[in-house]
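What follows is the residue order along each chain.
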Amino acid sequence: MSNLQIIVPVFNEQEVVDLFYEKMKQILATCDVNWTLLFVDDGSTDGTVQHIEFLRHKDDRIGFITLSRNFGKEYALTAGLDHANADVVVVIDVDLQDPPELIPLMLDEWHNGFDVVYATRKAREGETFIKKATASWFYKIINKMSNISIPKDTGDYRLMDIKAVKAINKLRESNRFMKGIFAWVGYKQKAIYFDRKERAAGTTKFNFRKLFSFAVDGITSFSYVPLRFATWIGTLVALLSFAYGIKVIVKALIFGGDPQGYPTMMVVILFLGGIQLMALGIIGEYLGRLFEENKQRPLYLIDKYQPPTNEVSDKLDPRLREDDSL
Ligand code: UDP
Ligand code: MG
């Protein structure tokens, strides 16, 4: 029988942890696998860790990692994937917005030979019009700008063969745009479709500001197009200015007269100033990320690691052991 590990990032989720476990247990009972559950606590300040520890006492198939503080979902997920120990791994949110009912279907596709089976949502229940619209623009923009293809309306919920997980674990960039990283590694991928529900309990940990910086992260870590855009705009403006300059000179030579054009001058100065600042801003976005990557800090710090105790063997890549600062 194959070994399946479910990896679940959690951050202040005491309301749903037990619910999630019960549901998961029920569904996994119908699958023909040895399963373990690895929670990654992303610096929760409520009773989440106590809930998990309690569950672990009852069920030795549960393990957990606690991070030293809140690093963000991507980093929690990375910590979990670095410690993945199974033939096949499923990454899922704890709030039951990713229906665990899909896991048997994902396993079927895995048995059919697919290495990555991701869940794409058909409907986005309980989300505002604005969130839906911005999400849809985001996918359009990023797929145009980068040379990887990121499936639309697909979150992190997916099943991955251990070879895909190992490939992902080789990508140590500190800007962890997971949608991009998942797409970048390739392998035989397959989508299955589902209706995304509202959260079972608790509240979303994402707000507009976070989503915006998420989008900028995504674009800057997989595309140079904004930099090239700055070059294009610069070239275009230079050409136009040249033409306009000729016009001004010719006019002055032929007609002479008083120097005029205060409004034109103001417009041109402000416009160019704006464009220069924008280009600098774009360069700054990349430079800042370069700085961040260059520091080569560990992606996360672990406080405690309690693996599921019925794990079969420790197959972890030794290189990763050193990286994860345990
Ligand atoms: N999460 C996390 N760290 C964070 C924020 C969220 O580990 O800083 C976890 C959270 O506990 C949940 C998952 O990531 O399991 C998705 O979070 P959420 O439901 O808030 O996001 P949404 O579904 O609204 O995109
Ligand atoms: Mg959610």
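Since the model is a prediction, treat every value here as computed from it, not as a measurement. (Residues numbered from 1 in each chain as written. Chains lettered and ligands numbered in written order. Predicted model: local features only at pLDDT ≥ 70, side-chain atom pairs only at ≥ 80, totals over all residues. Heavy atoms only, no water.)

K.L.:
Please give an account of a nonpolar patch on the surface that cites residues and values.
P.N.:
A cluster of nonpolar side chains, Phe242, Ile246, Ile249, Val250, Leu253, Ile254 and Phe255, forms an exposed patch at the surface whose accessible area comes to about 810 Å². Owing to a relative accessible area of 70%, leucine 253 belongs among the exposed residues under this scheme. (Patch = residues over 30% accessible without salt bridge, like charges linked within 9 Å, V, L, I, M, F, W, Y side chains within 5 Å. Areas by Shrake-Rupley, 256 points an atom, 1.4 Å probe, with all protein chains shown as cover. Salt bridge = Lys/Arg side-chain N within 4 Å of Asp/Glu carboxyl O. Buried < 20%, exposed > 50% of the residue type's maximum accessible area, 1.4 Å probe, protein only.)

K.L.:
Talk me through the confidence of the model for the protein chain; I want residue IDs and the actual numbers.
P.N.:
For any part of a model where pLDDT is low, the fine detail of the predicted coordinates should not be relied upon. Counting all residues, the mean pLDDT for the protein chain is 85, and 92% of those residues have values of 70 or more. Between the elements of the protein chain, mean pLDDT differs from a low of 46, seen in helix H11 (residues 318–323), to a high of 96, seen in strand S4 (residues 88–91). Taken together, the stretch residues 312–326 has pLDDT below 50 and engages in 29 contacts with residues farther than four places along the chain or on a different chain. (pLDDT = per-residue confidence, 0-100. Helix = DSSP H or I, 4+ residues; strand = E, 2+ residues; numbered from the N terminus. Contact = heavy atoms within 4.5 Å.)

K.L.:
Quick one: what's the story with the layout of surface pockets, residue by residue and with numbers?
P.N.:
Of the volumes computed, that of the second largest pocket is approximately 580 Å³. Along its surface, the second largest pocket is lined by 20 residues, and Tyr244, Val248, Gln260, Gly261 and Thr264 are the ones closest to its centre. Among the elements that make up the lining of the second largest pocket, the one with the highest residue count is helix H9 (residues 225–255) (nine residues). For the lining of the second largest pocket, the per-class residue count stands at eleven nonpolar, six polar and three charged. (1 Å grid on protein atoms, 1.4 Å probe; cavity = no way out; pocket = protein on both sides within 12 Å on 5 of 7 lines; lining within 4 Å. Points joined across faces, edges and corners; volume = space filled by probe spheres on them. Nonpolar A, V, L, I, M, F, W, Y, C, P; charged D, E, K, R; others polar.)

K.L.:
Any details on the coordination of the magnesium ion (ligand 2)? Residues and values, ideally.
P.N.:
Around the magnesium ion (ligand 2), the protein supplies Asp95 (OD) and Gln97 (OE1) as donor atoms, at distances of 1.9 Å. Since its relative accessible area comes to 4%, aspartate 95 is described here as buried. You can call glutamine 97 buried: its relative accessible area is 12%. (Donors = N, O, S within 2.8 Å, 3.2 Å for Na, K, Ca; no water.)

K.L.:
Run through the pattern of salt bridges, naming residues and quoting values.
P.N.:
In the structure shown here, the tally under the stated rule is eleven salt bridges. With a closest N to O distance of 3.0 Å, glutamate 53 and lysine 304 form a salt bridge. Here the residue glutamate 53 occupies a position in helix H2 (residues 48–58), and lysine 304 occupies one in strand S8 (residues 302–306), the gap between them amounting to 251 residues. You can call glutamate 53 partly exposed: its relative accessible area is 27%. For lysine 73, the salt bridge identified is with aspartate 93, shortest N-O distance 2.8 Å. In this pair, lysine 73 is assigned in helix H3 (residues 73–82) and aspartate 93 in the loop between S4 and helix H4 (102–111), connecting sequence segments 20 residues apart. In the salt-bridge network here, residues are joined through shared partners; they are Lys73, Asp93 and Asp156.

K.L.:
Outline empty space enclosed by the protein, listing residues and values.
P.N.:
One pass over the full model with this rule turns up one cavity of 30 Å³ or more. Approximately 40 Å³ is the volume attributed to the largest cavity. Of the residues that constitute the lining of the largest cavity, the class distribution is four nonpolar, two polar and two charged.

K.L.:
Before we move on, could you go through the side chain of serine 146 and cite the residues and values that matter?
P.N.:
Considering the arrangement of structural elements, one finds serine 146 in the loop between helix H5 (129–145) and strand S6 (154–161). Separated by 3.4 Å, the side chain of serine 146 and the backbone oxygen of isoleucine 148 make a polar contact. Beyond its immediate stretch of four places on either side in the chain, serine 146 contacts Phe222 and Ser223. (Polar contact = N/O pair within 3.5 Å; in protein donor to acceptor, adjacent residues only side chain to side chain.)

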